[in-house]
Amino acid sequence: MSRQENQSASDPVGVDPVEAGRRRFLQMAVATGIAFQLGVGTADAGQPNLIKQLWQKQPLQVWMLEAARIEQTFSDGSILPYHRYRALGSTPVAGSVPVLTGAPGEILRVRMRNSLSYTIRPMIVGGMLGPTIAPGEVVTLDLVVPTEGTWLLTDELLGDAAGPMGLGAVIISRPHKNGLRGGRRSSVLGYDREYVLLYVDSDDRWNTAIDTGLLPDYTTYEPNYHTVNNLTFPDTASDPGTLITCQVGERVLLRMCNLGWVRQSVHFHGYHVDIQRINNQPQSIFGPKDTIPLPGHTTLEALLTVNQPGVFPVHPHSLTTTTDNGLYIGGQITLISAT
Ligand SMILES: [Cu+2]
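Treat the numbers as computed from the prediction; the structure is a model and nothing was measured. (Residues numbered from 1 in each chain as written. Predicted model: local features only at pLDDT ≥ 70, side-chain atom pairs only at ≥ 80, totals over all residues.)

Asker: Which parts of the structure should I look at to understand the overall build of the protein chain?
Answerer: Across its full length, the protein chain carries 6 helices and 23 strands. Contacts in the protein chain between residues far apart in sequence, at least 24 positions, make up 71% of those at least 6 positions apart. (Helix = DSSP H or I, 4+ residues; strand = E, 2+ residues; numbered from the N terminus. Contact = placed C-beta atoms within 7 Å.)

In structure tokens, the structure reads:
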């Protein structure tokens, strides 16, 4: 499913193909911080294997994702259809949300299968668009890891419904501790552990409409399902990627992500956290907070200094979001467990 013909169409005549590729690559990287390149690195179609030449010293990990229909059963017995990215193979997850990791400037290679009944187009919020992927198609995306931070991968064609449908993944951009870039370490953060928490809210009428091939009523959005890492409480508290496990004295980086539309205010029991970055922009004006703002389609990194042992809830400060379709207790609650 390579689409390399697109890749070489603008090669300047008479310019060394590797050099041309490098320039184009750098232009994209500088302009946006993120670049999708279609099919580069698959050498079998006779095009210059640009990425391999540029990055041959870096082993390429191939992450595998599938855009798939998934039914989830909630505590009230109701079942909601989602269209989610499913992690295949050894692709890491938090809950069931794929979490892809790379260093800034590195290539992330993703093989994406579209098992949905409509064309999708992956995009990174605040970044570039990927290619369209037709139903049944498998496409290899090579994406340049953006600047240090936490990024949302979602779908452009589903538009406003991509979040409610759950079509999201998280990309962590983290400098190598030793090695690349002269051994440069993170300039902003020092931490002992990290967790990803991805919040999604859904209005069942939207999900049901899209799942049956119809358009939802975009004028009305009243979410009644609320997941964190595609889970609800108490499943959140038994998932190793969603239960925040730590020890007194540690610093824990929380990569808070909101793919939904509810303007969340996430509240911490037991601790205050320090906001490090919002949408990957360093922040210095916030003091310690027990409640942090997390609007839709936003990422926020907060540092939790674990200064007491215990088990404490973390949840959006809205009663509705701590329910499953109105049934308390459920929804977007998870726990911090500190020993
Ligand atoms: Cu509370």
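So much for the structure itself; the text now carries on.
Asker: How should the sheet that holds strand E5 (residues 97-102) be read in this particular structure?
Answerer: Each strand in a sheet pairs with another by means of backbone hydrogen bonds, the pair being arranged parallel or else antiparallel. Taken in spatial order, the 5 strands line up as E4-E5-E10-E9-E7 in an open sheet, and their pairing is mixed. Across the chains shown, the open sheet's two edge strands, defined by having one partner strand only, are strand E4 (93-94) and strand E7 (122-124). Strand direction decides the pairing type here: E7 and strand E9 (residues 149-155), joined by 3 bridges, are antiparallel. Bridging across to E9, Ile124 finds its partner in Leu153. (Pairing = 2+ DSSP bridges.)

Asker: Would you mind going over the pairing of strand E12 (residues 225-228) with me for this structure?
Answerer: A regular strand carries its side chains on alternate faces of the sheet. Judged by which residues are buried, E12 turns out to be covered on both faces: Tyr225 and Thr227 on one side and His226 and Val228 on the other are all buried. As paired strands, strand E11 (residues 193-202) and E12 are joined by 4 bridges and run antiparallel to one another. Bridge assignment links Ser202 to a residue of E12, and that residue is Tyr225. (Buried ≥ 20, exposed ≤ 12 C-beta atoms within 10 Å, placed from the backbone.)

Asker: Quick question: what am I supposed to make of the sheet that holds E12 here?
Answerer: One open sheet accounts for 6 strands, arranged E12-E11-E14-E19-E16-E17; its pairing is mixed. Sheet topology places E12 and strand E17 (281-282) at the edges, where each strand pairs with a single neighbour. Relative to strand E19 (residues 298-305), strand E16 (residues 273-278) runs antiparallel, the two being bridged by 5 bridges. The residue bridging Ile275 from the neighbouring strand is Ala302, located in E19.

Asker: How should the confidence of the model for the protein chain be read in this particular structure?
Answerer: Caution is warranted with low-pLDDT regions, since their predicted coordinates should not be read in detail. Summary statistics for the protein chain give a mean pLDDT of 84 and a share of 78% for residues scoring 70 or more. Confidence drops under a pLDDT of 50 for residues 1-57, and excluding neighbours within four residues, the segment shows 75 contacts in the predicted structure. Confidence drops under a pLDDT of 50 for residues 178-184, and excluding neighbours within four residues, the segment shows 5 contacts in the predicted structure. (pLDDT = per-residue confidence, 0-100.)

Asker: Would you mind showing me how to read the environment of Ile278 here?
Answerer: Here Ile278 shows up in strand E16. Judged by the 20 C-beta atoms lying within 10 Å of it, Ile278 falls in the buried class. In sequence terms Ile278 and Pro293 are 15 residues apart; their C-alpha atoms lie 9.5 Å from each other. Filtering out sequence-adjacent residues up to four positions away, Ile278 remains in contact with Gln283, Thr298 and Leu300.

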